[in-house]
Amino acid sequence: MSAKEKLTKRRPLLKKLIIVLWVGFALFIVGFPTYIWAVSKNVNNWFGSLPSYSQLENPDQNLTSLLFTADGVQLGSGYYRDNRNPVTYDELGDNLVNALVAAEDIRFNSHSGIDLESMFRVAFGVLTFSPKGGGSTISQQLAKNLFNTRVIREEDRGKLEGNRFLKQLIYKTKEWILAVRLERSYTKEEIMAMYYNTVEFGNNAYGIKSAAKTYFNKLPKDLSVSEAAVLAGMQKGVTTYRPDINPENSKRRRNTVMSQMVKYGFLAPQAYDTLRSQDINLDDFRQQDHNTGLAQYFREEARKDLRELCANLGYDLYGDGLKIYTTIDSRMQGYAEEAMDSAMTSLQLKFDTLLRNEGRDLWIDSKGRELDDFFEEQVIPRSNAYRNLVNKYGSESDSVDYYMNKPKKLKVFSWYGDVDTVMSSIDSIRYYKQFLQSGFLATEPKTGAIKAWVGGINFQHFKYDHVRFGKRQPGSLFKPFVYATAVEQGYSPCYTFKDEAVAIPTGNGNEIWDPSNAEGRFSGEEMTMKLAMANSVNSITARVMDIVKPNKVVDMAGRLGITSKIPPYYSIALGTEDVSLYEILGAYGTFANKGTHIEPYYISRIEDKYGNEIYRHVPRKSKAINEDVAYVMLNMMQETVKSGSGQRLYWQYGLVDKEQKKNSIGAKTGTTQNASDGWFVAVTNEVIAGAWVGGDDRAIHFTQWPDGQGARTAMPIVALFMQDIYADSTLNIQKTLFERPPNLSMEIDCARFTEVLDASDSTVMYDDDIY
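Residues numbered from 1 in each chain as written. Predicted model: local features only at pLDDT ≥ 70, side-chain atom pairs only at ≥ 80, totals over all residues. Heavy atoms only, no water.

1. Some points on the overall build of the chain
Then, number 1: Within the chain one finds 28 helices and 19 strands.
Then, number 2: Burial analysis of the chain (771 residues in total) assigns 50% to the buried set.
Then, number 3: Long-range contacts, defined here as pairs at least 24 residues apart, represent 71% of the contacts in the chain between residues at least 6 apart.
Then, number 4: Counting only carbon and sulfur atoms, one obtains 50% of the accessible surface of the chain, whose full area is about 37100 Å². (Helix = DSSP H or I, 4+ residues; strand = E, 2+ residues; numbered from the N terminus. Buried < 20%, exposed > 50% of the residue type's maximum accessible area, 1.4 Å probe, protein only. Contact = heavy atoms within 4.5 Å. Areas by Shrake-Rupley, 256 points an atom, 1.4 Å probe, with all protein chains shown as cover.)

Structure below.
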């Protein structure tokens, strides 16, 4: 066949090929835009829906709600489903921006959401079986992260998205469309910030701010080049390149990112040569959770109230990015926690030493006798471990005993740091029960604002809050309510009674109430009400209770701020009914606030994510007693510091001078009958501080009553706290005198009162005379 014939024969084939190419080109020119349009419109529900423009402008994200102190310090990592705290572009810093652009999208600032050059590079790599890396731009990755384009609810799924061959193309097409729309709706700076705010970094860190805090304890803009490269590089595979679990992988990926930064002029070669050999420094790495940071007990108790409050306001505490401002002062909170740690470390050492020296079991009665089988019959059945095993195997199963006694590796609490050990569940229960517990609270009496809250000795190991929910017998801490009732009825604190045995009919048949003093004896001496309260003399408190009657005392306690149900029994005069530290400080605050009760509070205001105020606290006030009665009670509590059970505030802790000329401080101790509970409250014009100390069970206590007195167990916590806040000049807490009412007619100077009585040859009035 001649060449001419061959050419003639090929012409129809060439013509057909040209026609096919033109038809294909025409179909592409017309068909591809039509396909994009069809996806964007979800024609016939083939492709599934896309976010609306309003959703693009207001993307739905779970944002962390943050908690702040009154002095502007963030408490913990906030409340969240995803630990995410958004930042602006200006808060990112150049290192993070340059690292991400170099590693992921070098033409980020020039394309409009889709990088055609990268797309053709990827397509060529696929066709030649030589992959050339990813082609997704930062905008496309943002679209995928922001709208979960590949995690689709069944009701939103398009008909074709169920096809495994087509779904990847549809997913990618949606990301192209959303990327272009994002570029039209936001600036490049906004897109960069949004990207860093949406991505996950492992360890419960969502967004760059949480990641920078978790891995390097820094703000994003303060990250070094190396640190920024670590975090930017993690987006290739979070688990694979996490520096805490895969340090070598993370280092290689970091160096890859930094080499890209060198390639594109963001990093000098000499700096890269220096940095590439360095290991990743994770000395400040700390996973953000609720077991770390300041005010852990407070944050948990606040969470319980805030969840309901926010819901009532129409907001989601865990997703709406609220800013919650509290009354807590970070400096005072820090001093409170330090005081708790210092005092309780020493007290626990003393308790443990006495236990060893006495060679006794942990649980004893009021006379120091061991309670046989108390641990086995009372403590173990209440434990979570035992209950869970019983629920699983049944109470009669041998498996319960087997697993309760099976040794296992544990990390247990000690005052000198957590200890790795091997214990059975039985052993660990006994071990943890030996620790004395405590609660501390400090408030501002004029406003009711709570300034410091320490609910226990260690939140990670002991979750129970002893400030608001831990209710115990207050002992003598309840006596001021008895004496306030008497003062309100006109009895001067200078009236005297004889310290002697009493026998008071209770009105319940032939029942007689005949309390003894703490020391088990009566002095027989005449004593003023003021001195009797200062020294917690039970016999005289009983006499006063017999005068004023229990129902009046219950009424007084309620007006002052005690919300627990108190029955009108004579014995309540000695603090036999359970109350919380939260209630006690609210009631004592009424004395310092001139008789006006203000309910303690800790949330001052709440703002939404845009800074709009959605809640502001309104104080709940009520006039409980008149100003004269309040001042007299403060004067009586000052006697506790001058000559009673609170004298150590003066001679050991140096908080007051002997003559009470430089400041006014009142106080009251409380100790239950077998020293299961020790209490102490200090009252000033500026701050009221109180503490409780006791065992987890009431049968856990010192053998000797004096060792468990509130003056020895709880007072040191309060005193150390007061020392620190007075020493901190930034708090500006002044030592001021209690303000005496101008028209006070009741005599409170008992020395002068006695002189007047002696001069007039009068006898001291007792209860019969008063009537």
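2. Focus on the packing of helix α22 (residues 581-592) against helix α23 (residues 627-642)
Then, number 1: Orientation of α22 relative to α23, taken along the N-to-C sense of each, is 110°, at an axis distance of 7 Å. Classified by the interaxial angle, the pair formed by α22 and α23 is roughly perpendicular. For the pair formed by α22 and α23, the contact residues are Y588, T590, F591 and A592 on the first element and A630, M633, L634 and M637 on the second.
Then, number 2: By residue class, the composition of the contact of α22 with α23 is seven nonpolar, one polar and no charged. (Axes fitted to C-alpha atoms, helices over the stretch in contact; angles between N-to-C directions. Parallel < 35°, antiparallel > 145°, perpendicular 65-115°, else oblique. Nonpolar A, V, L, I, M, F, W, Y, C, P; charged D, E, K, R; others polar.)

3. With respect to the side chain of T541
Then, number 1: Inspection of the secondary structure puts T541 in helix α20 (residues 538-548).
Then, number 2: With a relative accessible area of 0%, T541 lands in the buried category.
Then, number 3: Here Y483 takes part through its side chain, which lies 3.0 Å from a polar atom of the side chain of T541.
Then, number 4: Look past the residues within four positions of T541 in its chain and what remains in contact with it is K479, V482, Y483, A573 and L574. (Polar contact = N/O pair within 3.5 Å; in protein donor to acceptor, adjacent residues only side chain to side chain.)

4. Things to note about a nonpolar patch on the surface
Then, number 1: Taken together, the side chains of Y393, Y402 and Y403 make up a nonpolar region of the molecular surface, amounting to roughly 300 Å² of accessible area.
Then, number 2: Here Y393 is to be found in helix α15 (residues 384-393).
Then, number 3: On the accessibility criterion, Y393 (30% relative accessible area) is partly exposed. (Patch = residues over 30% accessible without salt bridge, like charges linked within 9 Å, V, L, I, M, F, W, Y side chains within 5 Å. Salt bridge = Lys/Arg side-chain N within 4 Å of Asp/Glu carboxyl O.)

5. Section: the state of the cysteines
Then, number 1: Considering all chains together, one arrives at one disulfide under this definition.
Then, number 2: The side chain of C494 participates in a disulfide bridge whose partner is C750; the two sulfur atoms lie 2.3 Å from each other. On the S-S bond that ties C494 to C750, the torsion sits near -90°, and the link is left-handed. Of this pair, C494 sits in the loop between α18 (479-488) and β8 (496-498) while C750 is found in helix α27 (residues 750-759), placing the two residues 256 residues apart along the sequence.
Then, number 3: Judged by its relative accessible area of 12%, C750 falls in the buried class. (Disulfide = S-S within 2.5 Å.)

6. Some details on the sheet that holds strand β1 (residues 66-68)
Then, number 1: Reading across from one edge, β1-β2-β14-β15 is the order of the four strands in this open sheet, with mixed pairing throughout. Lying at the two open borders of the sheet, with one neighbouring strand each, are β1 and β15 (613-616). Taken over all neighbouring pairs, the strand axes of this sheet differ in orientation by 15° on average, direction set aside.
Then, number 2: Bridge count between β1 and strand β2 (residues 323-326): three bridges; the pairing is parallel. Its bridge partner lying in β2, L66 is registered against K323. (Pairing = 2+ DSSP bridges.)

7. Quick look at the pairing of strand β5 (residues 437-444)
Then, number 1: With respect to burial, β5 is a largely interior element, seven of its eight residues being buried.
Then, number 2: Of the strand pairs in this sheet, β5 and strand β6 (residues 449-454) are connected by five bridges, and their pairing is antiparallel. Among the inter-strand pairings, L441 is bridged to a residue of β6, identified as W453.

8. A word on the nonpolar core
Then, number 1: F440, W453, F481, I584 and F721 are the most contacted members of the largest nonpolar core, which has 148 residues in total.
Then, number 2: Here I584 is in contact with P474, L477, F481, I562, V579, W679 and V681, once residues within four sequence places are set aside.
Then, number 3: Membership of the second largest hydrophobic core comes to 46 residues, among which are A102, A211, A212 and L223. (Core = buried A, V, L, I, M, F, W, Y, C linked by side-chain atoms within 4.5 Å.)

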